[in-house]
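Letter by letter, the chains look like this.
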Amino acid sequence: MGQQQHEHVRVAVIGSGFGGLGAAVRLRREGITDFVVLERADSVGGTWRDNSYPGCACDVPSHLYSFSFAPNPDWPRTFSGQEHIRAYLEHVTDTFRLRPHLRLKHEVLMMRWDTEALRWEIETSRGTLTANVVVSATGPLSDPKTPDVPGLADFPGKVFHSARWDHDYDLRGKRVAMIGTGASAIQIVPSIQPEVSRLTLFQHTPAWVMPRVDRKISGAERWLHRQLPITGTARRGLLWGIRELQVQAFTKRPNELGLVERIARANMHKAIKDPALRARLTPSYRIGCKRILLSSTYYPALAQPNVDVVASGLGEVRGSTLVAADGTQTEADVIIFGTGFHVTDMPIAERVVGAEGITLAEAWKDGMESLRGATAAGFPNWMTIIGPNTGLGNSSMILMIESQLNYMADYMRQLNLLGEGSALAARPSSVHAWNRRVQERMKRTVWNTGGCTSWYLDASGRNTTIWPGTTTEFRSATRHVDLSEYEVIRAAARRKPIAEAVTQDTEAVA
């Protein structure tokens, strides 16, 4: 490392979505104010800033999709839209006085661990700084994935991903091709269907879609939550408890999900009267294997005369002609990709260089692994929020984030007790033992046994994204840092010669 002096902070947080802002709040509550939040965009919000497509909303109830330490009594709907969630995150930023810590338009280009100084050197688009600890909160839904389709580069029309929506482009009267049938697509389709001339949905795999029981939250309810905050807490607790009870069906008894499938089929049959279309929209895998989607408008939109469903993925583009994998051809003016994100191959992993001089991406080339979803072997004083096997299939990720914030807080306490010039490195044996237990539990889950291929699985077919248990279990597992799972590293100036250390220890005992 060079000798050039850079700004130094105790903690550098990467990203300003729920994970990053939550980490910032928790650091301040722990009395740590020497930190920055590095954000590549010009505002906070993470995925709720980036995803602004028509109809964008959360599929977790509002009162559960918010921090326990920052309840919002004024949610306007039971399932909030993107604009309300983004406004909530701006409110959290102001309420907890986080703006002085923000470094907007500071994209992290590279992070390297300095083994001598025991700190991270962080190169950003606005300069370099160093930090004792890095908390990576970039999130798995931050970098859009667009498939490499032959001929796409020569398509004469408009092309964009759902997470990079072009609001300046007018879709009215256009022939639109929607690629994908995930959580974004089922919100976009009913939102744009009335205004486009033709909408063709390229469906690689049909999704299970449950009705979305959404409604306005009345003024009386909001008044009650403001006047008696315990009522909002109780509402959140009820929503949480119901989902905790559902976990067994996903993790241990997938056959119990048959009733849920029947509800989803009824939701489809209510709107789709054409038997041929109904057949194309009916999944062949167990519900829950892929993410269960919520919508009461998706199927009615697909039944409209200006909508076609192609039961195949996009295979090739020939000028303005789109050719599906099954040979179906359609003309389009616009291609919208709702094809998800780099989840098991997060680009940030290519920008983190650890103690052995290899990147996190190289360390994870055979699959992501971390200790308790937080720390990785070979990367001292580096933590991730929403790390490997911390995702959920039926509840709120905010619950998992808050558990990881508990772990981060105790990690910082342990470093403080160890003293300046110390670092913690997750032992490879501890990381492997934790992941063996997780993968063993994963074998019985619907995500592994349901008969589908989903974004939960990595290239080798291993589920490295989902937590195979309850949020209560995860909170218990991350309540404290177990120092036996870590190697304590001391800076060179603090290391004693072995003989001297033994002599001093002997004298102390005498």
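Keep in mind the model is a prediction, meaning the values are calculated, not measured.

Q: Describe the confidence of the model for the protein chain, and please don't skip the residues or the numbers.
A: For any part of a model where pLDDT is low, the fine detail of the predicted coordinates should not be relied upon. Chain-level pLDDT for the protein chain is 94 on average; 96% of the residues reach the 70-or-more range. Segment residues 496–510: pLDDT under 50, and 2 contacts once partners within four positions in sequence are set aside and those in other chains are kept.

Q: Describe the packing of helix α1 (residues 18–29) against helix α3 (residues 82–95), listing the residues and the values that go with them.
A: Interaxial distance between α1 and α3 falls to 10 Å at its minimum, and their mutual angle equals 20°. When the axis of α1 is compared with that of α3, the two are roughly parallel. Like other packed secondary-structure pairs, α1 and α3 cross with a definite hand, here left-handed. Residues Phe-18, Leu-21 and Val-25 of α1 touch α3, and the partners they reach there are Ile-85, Tyr-88, Leu-89, Val-92 and Thr-93. By residue class, the composition of the contact of α1 with α3 is 7 nonpolar, 1 polar and no charged.

Q: Please give an account of helix α7 (residues 258–271) that cites residues and values.
A: The terminal C-alpha atoms of α7, which comprises 14 residues, lie 21 Å apart, in line with the 20 Å expected from a rise of 1.5 Å per residue. Taken residue by residue, α7 has Gly-258, Glu-261, Ala-264, Asn-267, Met-268 and Ala-271 as its buried positions. Angularly, the buried residues of α7 cover 170° about the axis, an arc narrow enough to put them on a single face. Exposed and facing more than 90 degrees away from the buried side of α7 are Leu-259, Arg-262 and Lys-270. Each element contacted by the buried residues of α7 is listed here: β10 (209–210), α8 (275–281) and α9 (298–302).

Q: A description of the sheet that holds strand β7 (residues 158–161) should follow, citing residues and the corresponding values.
A: In a beta sheet, neighbouring strands are held together by backbone hydrogen bonds and run either parallel or antiparallel to one another. The strand order β7-β16-β8-β9-β12 describes an open sheet built from 5 strands, whose pairing is parallel. Bordering the open sheet on either side are β7 and β12 (307–310), each of which pairs with just one other strand. Mean inter-strand twist for the sheet, computed between neighbouring axes without regard to direction, equals 15°. Pairing geometry for β7 and strand β16 (residues 334–337), over 4 bridges, is parallel.

Q: Could you give an account of the sheet that holds strand β14 (residues 321–324), with specific residues and numbers?
A: Pairing is antiparallel in the open sheet, where 3 strands are placed in the order β13-β14-β15. Whereas interior strands pair on both sides, the edge strands pair on one side only; in this sheet they are β13 (314–318) and β15 (329–331). Along the sheet, successive strands turn relative to each other by an average axial angle of 25°, direction set aside. Summarising the sheet, β14 and β15 pair through 3 bridges and their orientation is antiparallel. Counted as the bridge partner of Val-323 is Gln-329 from β15.

Conventions adopted
Residues numbered from 1 in each chain as written. Predicted model: local features only at pLDDT ≥ 70, side-chain atom pairs only at ≥ 80, totals over all residues. Heavy atoms only, no water. pLDDT = per-residue confidence, 0-100. Contact = heavy atoms within 4.5 Å. Axes fitted to C-alpha atoms, helices over the stretch in contact; angles between N-to-C directions. Helix = DSSP H or I, 4+ residues; strand = E, 2+ residues; numbered from the N terminus. Parallel < 35°, antiparallel > 145°, perpendicular 65-115°, else oblique. Left-handed = near helix turned anticlockwise from the far one by under 90°. Nonpolar A, V, L, I, M, F, W, Y, C, P; charged D, E, K, R; others polar. Expected span 1.5 Å × (residues − 1). Buried < 20%, exposed > 50% of the residue type's maximum accessible area, 1.4 Å probe, protein only. Arc of directions from axis to C-beta. Pairing = 2+ DSSP bridges.

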